[in-house]
Amino acid sequence: MRVMVLGGDGFCGWPTALHLSAHGHDVTIVDNLVRRRIDDELGAGSLTPIATPAERLAAWHEVSGNPLGFVELDVAADYHALTELLADERPDAVVHFAEQRAAPYSMKSPAHKRYTVDNNVTATHNVLVALAAVSPGTHLVHLGTMGVYGYESVPADLPEGYLTVTYPDREGRPRSREILYPTRPGSVYHLTKSLDQLLFAFYARNDGLHVTDLHQGIVWGTQTPQTGRDPRLINRFDYDGDFGTVLNRFLVEAAIGHPLTVHGTGGQTRAFININDTVECIRLAVESGDRLDDGRVRVMNQLTQTHRVSDLAGLVSSATGAAIVRVANPRDEADENALAARNDQLLGLGLDPILLTEDLLLAEVGLARRYADRVRRSAIPAVSYWNDSRRTAAATTEPDHSAPAASDIAGGAR
Ligand code: NAD
Ligand code: USQ
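So, here is what we can say about the structure in this document. (Residues numbered from 1 in each chain as written. Chains lettered and ligands numbered in written order. Predicted model: local features only at pLDDT ≥ 70, side-chain atom pairs only at ≥ 80, totals over all residues. Heavy atoms only, no water.)

A full pass over the atoms with the stated rule returns 25 salt bridges. Salt-bridge contacts for arginine 36 lead to aspartate 9; the nearest nitrogen and oxygen are separated by 2.6 Å. With a gap of 27 residues between them, arginine 36 in helix 2 (residues 34-42) and aspartate 9 in the loop between strand 1 (2-6) and helix 1 (13-22) connect regions that are remote in the sequence. For the pair formed by arginine 36 and aspartate 9, the shared burial category is buried. A salt bridge links aspartate 238 to arginine 236; the nearest nitrogen and oxygen atoms lie 2.7 Å apart. Residue classification places aspartate 238 among the buried residues on the basis of a relative accessible area of 5%. Taking relative accessible area as the criterion, arginine 236 reaches 2% and is therefore assigned buried. A cluster of three or more residues bridged by salt bridges with shared partners is formed by Arg35, Asp39, Arg101, Arg236 and Asp238. (Salt bridge = Lys/Arg side-chain N within 4 Å of Asp/Glu carboxyl O. Helix = DSSP H or I, 4+ residues; strand = E, 2+ residues; numbered from the N terminus. Buried < 20%, exposed > 50% of the residue type's maximum accessible area, 1.4 Å probe, protein only.)

Spelled out as structure tokens, the structure:
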């Protein structure tokens, strides 16, 4: 199949592009490289030394014999170029990763909030409008988030995107209908994914677009068999207080002798998936595009396990001897929540989940130790606060590395 990977230079996009290419698909990456500029803005690069796009493409061609296309393009800002590209290529599938994906970065300042909404919502809308105009048969596979469901404890397993609700009609007779599961975003970033969901529903109904929205949990791990084939193919690994996600942060912290930074009580339960399962799920989604219902977005929950943050810290600590520190939580989130979710659809398509084991954790710590001299310890504290009371609470326990000037962020405020 001909597949276009928007955001294919990023942490999930790059290994996905290689995985699809290794499975015989003809892949073109589209990316504006903003994530590399955000590294500079935050003063925190990837733990792993990532090669330039040109070096990456050359290395993949050398080791696999497969060419990869690359187009530098801003999906949010360059609508006309995007439309031309889609009209020329008419891909069978577009995989859409091209959004600002860090909840803390999205809460950092008014400029970061505006950038996140402008970039993410416009990118998604541009893709939908362009597909409807020039390539309506293309299957759009979007990376959404489990966070759209919110993190209230509900006494049920979260369904895959939809809920059947029963309500009384005017005569008091019970009626039922299917609705999109009500969203409860916990950050501006998660809010954009909730808005995306409405855009997909509209364009599927109005224009008959074929859309799969993957509600993905927190991705952990780094390498895949393809990214491990040559040092120039290595995947990025974020550990900083904005883009680093909890388990990958704990693994780096353990590797450099930094205490594991548990926010608040550590009672937050979240959904997780290994990067190797991420790339496989996307392949399964892309290759099952012929199974979509007309006019209805397919929503699949892309997670394999749920874990409590304090349990993860305990696991990493007992495997490595790392100390654990409880820091004032910069986020506005419940002290604790329960979480369970269905993932029947991806299991039904053949996903064979990789479960968290001490061996896998230690392998990641080993990789982190190899690049330990690249870690900037000053980038580790999470210092994007959800509101002023969080900032004040944190100021009593840690130094305040305040948000950067609102006027100069990597993506540029429009
Ligand atoms: P990432 O930041 O590493 O990659 C995103 C890529 O998109 C970057 O290469 C960036 O340069 C590009 N991009 C952003 N805006 C763009 C634009 N306007 N035009 C062109 N390119 C643009 O993020 P990631 O971790 O790879 O996440 C990818 C997607 O998966 C995101 O949409 C995210 O919401 C979703 N997701 C990620 C995780 C996770 O744990 N990493 C979990 C669930 C969902
Ligand atoms: N946390 C800590 N210590 C840390 C970092 C985080 O205790 O050092 C806690 C946070 O307070 C939060 C939990 O760990 O309770 C998860 O935080 P995270 O940064 O790992 O994940 P999150 O902000 O939810 O975002 C990540 C990705 C995002 C994706 C989302 C999936 O960055 O793109 O959408 O995971 S989900 O969590 O299912 O919504």
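Bringing unusual backbone geometry into the picture now. One non-glycine residue with positive phi stands out, namely leucine 33, at about 60°. Residue position: leucine 33 is located in the loop between strand 2 (26-31) and helix 2. With phi around 40°, arginine 90 is a residue other than glycine that occupies positive phi space. For arginine 90, the position within the fold is in the loop between helix 4 (79-89) and strand 4 (93-96).

A separate point is the site of ligand 1. Of all residues adjacent to ligand 1, which total 29 residues, the nearest are Cys12, Asp31, Arg101, Tyr189 and Lys193. The separation between an oxygen atom of ligand 1 and a polar main-chain atom of valine 34 is 3.2 Å. A distance of 3.5 Å separates an oxygen atom of ligand 1 from a polar atom in the backbone of phenylalanine 97. Against a free-state accessible area of 820 Å², the protein chains account for coverage of 98% of ligand 1. Elements with a minimum of two residues in the shell around ligand 1: helix 2, strand 5 (139-145), helix 7 (188-207) and strand 9 (218-220). Partitioning the shell around ligand 1 into residue classes produces 13 nonpolar, 8 polar and 8 charged. (Near = heavy atom within 4 Å. Polar contact = N/O pair within 3.5 Å; in protein donor to acceptor, adjacent residues only side chain to side chain. Areas by Shrake-Rupley, 256 points an atom, 1.4 Å probe, with all protein chains shown as cover. Nonpolar A, V, L, I, M, F, W, Y, C, P; charged D, E, K, R; others polar.)

For the rest of this paragraph, the subject is the packing of aromatic side chains. Across all of its chains, the model carries 3 aromatic pairs by this definition. On the basis of an interplanar angle of 85° and a centroid distance of 5.2 Å, the ring pair of phenylalanine 202 and tyrosine 203 is categorised as edge-to-face. Given a relative accessible area of 38%, phenylalanine 202 falls into the partly exposed group. Sitting over the ring of phenylalanine 243, arginine 35 keeps its end group 3.6 Å from the ring centre. Above the ring of tyrosine 162, the side-chain terminus of arginine 296 is found at 3.9 Å from the ring centroid. (Phe/Tyr/Trp six-rings, centres within 6.5 Å; stacked < 30°, edge-to-face > 60°. Lys NZ or Arg CZ within 6 Å of the ring centre and 35° of its normal.)

Okay, the site of ligand 2 next. Near ligand 2 there are 23 residues, and of these Thr145, Tyr189, Val246, Thr261 and Glu333 occur at the shortest range. In this structure, tyrosine 151 approaches ligand 2 through a side-chain N or O atom, which is 2.9 Å from an oxygen atom. At 2.5 Å from an oxygen atom of ligand 2 is found a side-chain nitrogen or oxygen belonging to glutamate 333. Relative to its unbound accessible area of 740 Å², ligand 2 is 96% covered by the protein chains.

Following the sequence through the fold, glutamine 268 ends up in the loop between strand 10 (260-263) and strand 11 (269-274). A polar contact is formed between the side chain of glutamine 268 and the backbone oxygen of histidine 263, at a distance of 3.2 Å. With sequence-adjacent residues up to four places away left out, glutamine 268 is seen in contact with His263, His307, Arg308, Val309, Asn329, Glu333, Ala334, Asp335, Glu336 and Asn337. (Contact = heavy atoms within 4.5 Å.)

The next thing to look at is the packing of helix 10 (residues 309-320) against helix 12 (residues 358-370). For the pair helix 10 and helix 12, the least separation of the axes is 10 Å and the interaxial angle reads 75°. In terms of their interaxial angle, helix 10 and helix 12 are classed as roughly perpendicular. Side by side, helix 10 and helix 12 meet where Leu315, Val316, Ala319 and Thr320 of the first sit next to Glu358, Leu361, Leu362 and Val365 of the second. For the contact of helix 10 with helix 12, a count of residues per class yields 6 nonpolar, 1 polar and 1 charged. (Axes fitted to C-alpha atoms, helices over the stretch in contact; angles between N-to-C directions. Parallel < 35°, antiparallel > 145°, perpendicular 65-115°, else oblique.)

Over its 12 residues, helix 10 runs 17 Å from end to end, which matches the ideal 16 Å to within 8%, given 1.5 Å per residue. Of all the positions in helix 10, only Val309, Leu312, Ala313, Val316, Ser317 and Ala319 are classed as buried. Along helix 10, the residues classed as buried sweep out an arc of 165° about the axis, all on the same side. Structurally, helix 10 contributes buried residues whose contacts are with helix 8 (246-256), strand 10, strand 11, strand 13 (305-308), strand 14 (324-327) and helix 12. Phi turns positive, to about 85°, at glycine 321, one or two residues after helix 10. (Expected span 1.5 Å × (residues − 1). Arc of directions from axis to C-beta.)

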